[in-house]
Amino acid sequence: MNTVNELTEKQLDLKLINKYASLMALGNGYLGIRSCHEEDYDGQKRGMYVAGIYNRLSPNEATEIVNLPDLIGMEIEINGDIFSSHTGQFLSYDRTLNMLTGELAREVVWQNKDGNRFKLLFQRFVSKDDIHLFASKVTVTSLDCNAMIKIKTGINGQCHDNGKQHYQEEKLRLLDNKIMHGVYQTTESKHTIAIATSCIAPSKSETTYFALNNQLLASVTQEIIVDQPFKLDKISAVYTSNDMIREDPASACVSTVQKFLSEGYDNLRDSSTIKWQDFWKQKRVIISSKDESDQLALDFSLYHIESMTPSHDERFSIGANGLTGEEEKGHIYWDTEIFIEPFYLFTETDVAKKLLKYRHLHIKEAKEIASENGYGGALFPWASAFTGKEESSENVNSRVNKKQSSADPRHHVVADIAFSVVQYYENTLDESFMMKEGLELLKETARFWISRTIDENNVLMIKNVVGLDEYTDKVDNNAYTNYLALYNVEQALNYMEKYKDVDAELAQNANDFIQRLYLPQPNDENIIPQDDTFLNKPELDLTEYKQQLDNKAILQDYSIEEIKKMQILKQADILMLMYLFPDLFSCEVVKANLEYYEERTIHDSSLSKSIHAIVFARCDDQENAYQFFQEACLIDLGLDPHSSIEGIHASSLGANWLAVIFGFANISMNINRLMINPKLPEKWNKLIFPFLWQGAKLEITISKRSITVTKQSGPPVSLEINGEVFDLTDKIKTSL
């Protein structure tokens, strides 16, 4: 049976300690915890995050997701020695993230300086059954001698965001001589965070409590007997002022811990496991491949997508690192709508709707941004967080440095959101959403694009924009931006007519925009100019750089300013347009542009290779499609020790799923029909996946010789397989 994979670490390598903290992170969409070790190591980055909890230290600094007080840390003292790889030797080591259950376990045999051996088993999970709950357990067995053990653990308020302390302690106290309780408030955003935790120790243990340097800790001491396991459970709960509950956070976290203390770790884990198993049953993609890493990569991708998605609340969305780290400050970009939301759109539509409602909730702020920059309609921020305002800062050396303004106009995010709105409606036929939130989003984004053009010789130009390619500076008529803007305005007009929304001025302006907008066309070699100047820039042979493990190697020889003046791309730009609109250009044009632009792309973006894989697959180049897919899957899982040290690449995980479904299964659709034209890699024998389409729940099985589509529930489906049309009412199997 093809069971859900485990992610394993077979030896402790301190150079990889933060990479694995990200890869093995735990989460449930509300709460995310980096999988650091219980014991301390220099440079180890601890992290606990709650969706929607942001703060900024000053008006000139970026808003950041807040690293909350730590609940994982434990100081374990055995016969006077502090447990660590530095104070003894690991004779065996095995750490496993069980993605089927959402549990992290680490088992080691540790030998102290006296030669005595101890087996330690650490377990933990973030509950999928109760989003506020986190539990951990340690089991210590002495293998050679009786020993005294002392474990100190509790709430550690010393954690920070790379040296920045975003919260202040309001209360730190012990309740009922067993529950440690901390209440904190962020300095600027004024979010309240309340944490309660309690240890379940053996009756023979002696437990004391003490507070020290923003920490409230329990100290549990006991003599352990050879071969008799000592077990300590720790039950914790986290609530914030954002929670939509009647009880205040400070009381709620205590009530939750009190409620669950009697159940203990194992029972609580089992309840969470049931929810994880249900997730896999409903959404897993099963790949029968000669290379087992393909299935691991998809399991890893879906595990983290589910762990990071705040499906409980439409006020929140998905940051670039999910809830696994702080590299991108927890900010939300266009990636969410284009790369992550489709997973839910085609597996659990209610979650996709919530992610779109997050944008609609902030349409007021988007209109303010547009007005501040001299435009009409709604200009959504390049980097968003809890407030919906522009959150990027020019003081931050990462992607958030791309500040959304007239000075750095990454305006394609506006059309990306509009595209997602239409895609949502065409898959769900959700009239209620489209008549209200959807139509307003389309109209206000259309107003923005209409105001964004410049009339030159009776042709409308979109000038001074930055497209998807982050190696290209401000340009005129970026093809991706112009075509998406056209689609945005066309769809606004379409749905205004559908719902008889009368707005004569907007309709007139929209029709004029559609008629006169400049759209870059294929030249004599079938190449679509990425923008007005790209094809006139000098070229550089990138072969040497593309062969290196480090995608940034070119930056050692050329400055960013030099790169911007050459035909060098960081990521897919034109090809992203061809992915989103597979029928917009002829096969000849697509193949010509794929060859031309891939040669000039360095792929220094986690989002690039999956999109190339899809376009290669559609062009019947399965060899390159599969190679690019596998390389995309290594963005986080690869050998680069620095690739994920401050968080996983959230959107690249969604892109991996897209590559399988829209590349190798080659699904496409219009509002009337679902189409499948499989392009399986040579190494794949079978592909099985769930797919929701206009209320119908489908299971699709593709093999080398046949395809089977089973309708498990919902209305009949008009289905086209390799050009042959079927009316699916129950089950269809056809040869390929």
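Residues numbered from 1 in each chain as written. Predicted model: local features only at pLDDT ≥ 70, side-chain atom pairs only at ≥ 80, totals over all residues. Heavy atoms only, no water.

Asker: Is there a simple way to think about the packing of helix H4 (residues 293–308) against helix H18 (residues 650–664) in this case?
Answerer: A pair of packed helices is characterised by two quantities: the angle between their axes and the separation of those axes. Viewed as axis vectors pointing N to C, H4 and H18 meet at an angle of 130°, and their least axial separation amounts to 9 Å. Accordingly, the angle class assigned to the pair H4 and H18 is oblique. When you trace H4 past H18, the crossing you get is left-handed. For the pair H4 and H18, contact is made by Leu-298, Phe-300, Ser-301, Leu-302, His-304, Ile-305 and Met-308 and by Ala-650, Leu-653, Gly-654, Asn-656, Trp-657 and Val-660, respectively. The residue inventory of the contact of H4 with H18, partitioned by class, reads 9 nonpolar, 4 polar and no charged. (Axes fitted to C-alpha atoms, helices over the stretch in contact; angles between N-to-C directions. Helix = DSSP H or I, 4+ residues; strand = E, 2+ residues; numbered from the N terminus. Parallel < 35°, antiparallel > 145°, perpendicular 65-115°, else oblique. Left-handed = near helix turned anticlockwise from the far one by under 90°. Contact = heavy atoms within 4.5 Å. Nonpolar A, V, L, I, M, F, W, Y, C, P; charged D, E, K, R; others polar.)

Asker: Honestly, unusual backbone geometry in this entry has me stumped. Any pointers?
Answerer: Despite not being glycine, Leu-429 shows a phi value in the positive range, around 55°. Among the residues examined, Leu-429 registers a relative accessible area of 37% and is labelled partly exposed. One non-glycine residue, Asn-458, adopts positive backbone phi at about 70°. Within the fold, Asn-458 resides in the loop between strand S21 (454–456) and strand S22 (459–461). For Asn-458, a relative accessible area of 53% corresponds to the exposed category. (Buried < 20%, exposed > 50% of the residue type's maximum accessible area, 1.4 Å probe, protein only.)

Asker: Just to check I follow, could you spell out the pairing of strand S29 (residues 724–728) for this structure?
Answerer: In the case of a regular strand, side chains alternate between the two sheet surfaces. Across 5 bridges, strand S28 (residues 717–721) lies against S29 in antiparallel orientation. Residue pairing in the sheet places Ser-718 in a bridge with Asp-727 of S29. Taken together, S28 and the strand that follows it, S29, pair antiparallel across an intervening segment of 2 residues, in which Asn-722 is found at a positive phi of about 50°. (Pairing = 2+ DSSP bridges.)

Treat this as a map of the structure, not an account of what it does.
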